[in-house]
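This is what each chain is made of:
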Amino acid sequence: MNSTLPYNSFNHYLKKSFNQPVWRVTLEGNFTCPNRDGTRAFGGCTFCTADGSSSQLQSPDDSLAEQLIKGIEKQRKRHKAKKFIAYLQSFTNTYAPIHYLRSIYDQAINHPDIIMLSIGTRPDCLSEEVIKLIDSYNDKVEVWLDLGLQSANNETLDLINRGHSVEEFIETVTRVKIISPRTKICVHAMVGLPNEDLKKDPHLTKSLNTIQTLISLPIDGIKIHNLCILKGTKLALDYSKGLIEPLDLQTYLDFLLKVIPLIPPEITIHRLMAEAASKDELIAPNWTLDKDFFMNELRKQLNEKGLFQGCQIKKLELKV
């Protein structure tokens with residue numbers, strides 16, 4: 001674990017694995033999602049923007065080769081980076097015919113300084129054929145699947161229009177690890193969703209159950225997100241009607257102080273806070289505009305309480 005952080009951060013993992021800082025290059029593969037085109041549902045997730053919660057760092061009108069070159073050069077100038085992650089983030093990046101996926105993945109790693117391929121997707125878009133294709137890229141680079149769940153409560157998944165079940169997610173994680181044990185899996189959980197906000201779940205027990213469900217699976221990494229209300233989303237309309245209220249800063253920090261000690265130390269924590277792509281896109285909560293303050297406050301409160309990743313696992317086991 002990082003000597004300066006009370007948890008196993010992804011940045012620390014990258015430096016330890018590759019002996020140097022490694023930076024993401026976000027790429028747009030022009031995908032969609034099965035809960036947008038009618039295969040599973042229409043409209044997409046209620047928290048997601050029309051551009052698939054894009055980072056907006058690249059233009060989808062540029063070819064992937066152009067995006068890769070521009071992204072690498074930008075990160076080189078900004079961070080003096082030498083090695084990079086090709087990150088397919090927006091929409092569902094395994095939801096296409098196999099020949100298209102192969103073309104996109106080939107282009108994404110077509111640079112000598114790309115050492116990792118990270119693919120954002122959903123549990124209902126990983127057939128055996130797709131998993132085997134993804135596995136083949138482990139011969140060239142390290143491969144991570146960014147696999148969304150958000151909540152381990154099926155009622156919540158229905159409310160946010162995910163279009164898949166918790167059971168599908170669990171089955172998919174297990175199947176990926178059987179077919180491609182080399183592929184690393186990073187899973188996503190969102191805190192404060194409808195049905196799980198402070199009005200309906202004042203102790204955030206459903207969000208806690210989601211974390212406990214995820215860490216019981218054969219995963220390698222986890223991303224924990226606070227809910228952000230973004231312009232143009234279905235949740236923005238619900239927020240305007242007073243139907244949902246995002247978590248305040250200290251409530252979310254208290255939740256992290258509770259769950260970080262339960263996460264096994266070998267699981268890499270990739271993210272602990274959600275951000276909007278831009279200030280103009282964000283409706284609430286405003287505290288997410290200052291990531292540095294948030295991270296410093298989290299580190300401070302963990303250290304003040306003597307908490308660190310995995311420190312309460314034995315206590316949890318004794319209660320079971």
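Draft legend 1. Summary view of the environment of Phe294. Following the sequence through the fold, Phe294 ends up in helix H10 (residues 291–304). The buried category is assigned to Phe294, whose relative accessible area is 1%. In this structure, the C-alpha to C-alpha distance between Phe294 and Lys82, residues 212 residues apart in sequence, is 28 Å. Sequence-distant contacts of Phe294, that is, excluding residues within four places in its chain, are made with Leu249, Tyr252, Leu253, Leu256, Leu272, Met273 and Trp287.

Draft legend 2. Fine view of helix H9 (residues 249–259). Burial runs high along H9: eight of the 11 residues are buried. Residues Leu249, Thr251, Tyr252, Leu253, Phe255, Leu256, Leu257 and Val259 constitute the buried set of H9. In this structure Asp248 caps H9, since a side-chain oxygen of it lies 3.2 Å from the backbone nitrogen of Gln250.

Draft legend 3. Highlighting the sheet that holds strand S2 (residues 83–88). Taken in spatial order, the seven strands of this open sheet run S1-S2-S3-S4-S5-S6-S8, and their pairing is parallel. A strand with exactly one partner marks an edge of an open sheet, and here the two such strands are strand S1 (22–27) and strand S8 (268–271). Geometrically, the sheet is characterised by an average inter-axis angle of 25° between neighbouring strands, direction not taken into account. Across six bridges, the pairing between strand S3 (residues 114–121) and strand S4 (residues 142–150) is parallel. Its bridge partner being in S4, Met116 is matched across the sheet by Glu142. Contacts from helix H3 (residues 98–108) reach S1, S2 and S3, with the element oriented near 145° to S3.

Draft legend 4. Spatial organisation of the pairing of S2. With five of its six residues buried, S2 lies for the most part within the structure. Across six bridges, the pairing between S1 and S2 is parallel. If you follow Trp23 over to S2, its bridge partner there is Phe84. Two strands pair when backbone bridges link them, and S2 and S3 are joined in this way by five bridges, in the parallel orientation. Bridge assignment links Tyr87 to a residue of S3, and that residue is Ser118. In the classification by handedness, the crossover that spans S2, the intervening H3 and the parallel S3 is right-handed.

Draft legend 5. Representation of empty space enclosed by the protein. Under the defined criterion, the tally for this structure stands at one cavity of 30 Å³ or more. Secondary structure elements with two or more residues in the lining of the largest cavity: S2, S3 and S4. For the lining of the largest cavity, the per-class residue count stands at five nonpolar, two polar and three charged.

Draft legend 6. Quick look at the layout of surface pockets. One number sums up the size of the second largest pocket: a volume of about 190 Å³. Lining the second largest pocket are Thr46, Leu159, Pro194, Asn195, Asp197, Lys199, Lys200, Lys234, Leu235, Asp238, Leu243 and Ile244. The dominant element in the lining of the second largest pocket, judged by the number of residues it contributes, is helix H8 (residues 234–240), at three residues. Per-class residue counts for the lining of the second largest pocket are five nonpolar, two polar and five charged.

Draft legend 7. Region of the structure containing the state of the cysteines. Per the counting criterion, the structure on display carries zero disulfides. No disulfide involves Cys33; its nearest neighbouring cysteine sulfur is the one of Cys48, lying 6.6 Å away. Considering cysteine sulfurs only, Cys45 is the nearest to Cys186, which forms no disulfide, with 16 Å between them.

Draft legend 8. Highlighting the pairing of strand S5 (residues 184–191). In terms of burial, S5 is a largely internal element, seven of the eight residues being buried. In this sheet, S5 lies alongside S4 in parallel orientation, the contact comprising six bridges. Across the sheet, the residue bridging to Trp144 is Lys184, located in S5. Taken together, the six bridges between S5 and strand S6 (residues 221–226) define a ladder with parallel strand orientation. Paired with Met190 across the two strands is His225, which belongs to S6. After leaving S5, the chain enters helix H7 (residues 205–215) and then returns to the sheet as S6, a path that is right-handed.

About the criteria used
Residues numbered from 1 in each chain as written. Predicted model: local features only at pLDDT ≥ 70, side-chain atom pairs only at ≥ 80, totals over all residues. Heavy atoms only, no water. Helix = DSSP H or I, 4+ residues; strand = E, 2+ residues; numbered from the N terminus. Buried < 20%, exposed > 50% of the residue type's maximum accessible area, 1.4 Å probe, protein only. Contact = heavy atoms within 4.5 Å. Polar contact = N/O pair within 3.5 Å; in protein donor to acceptor, adjacent residues only side chain to side chain. Pairing = 2+ DSSP bridges. Axes fitted to C-alpha atoms, helices over the stretch in contact; angles between N-to-C directions. Right-handed = clockwise from strand over helix to strand, strands pointing away. 1 Å grid on protein atoms, 1.4 Å probe; cavity = no way out; pocket = protein on both sides within 12 Å on 5 of 7 lines; lining within 4 Å. Points joined across faces, edges and corners; volume = space filled by probe spheres on them. Nonpolar A, V, L, I, M, F, W, Y, C, P; charged D, E, K, R; others polar. Disulfide = S-S within 2.5 Å.

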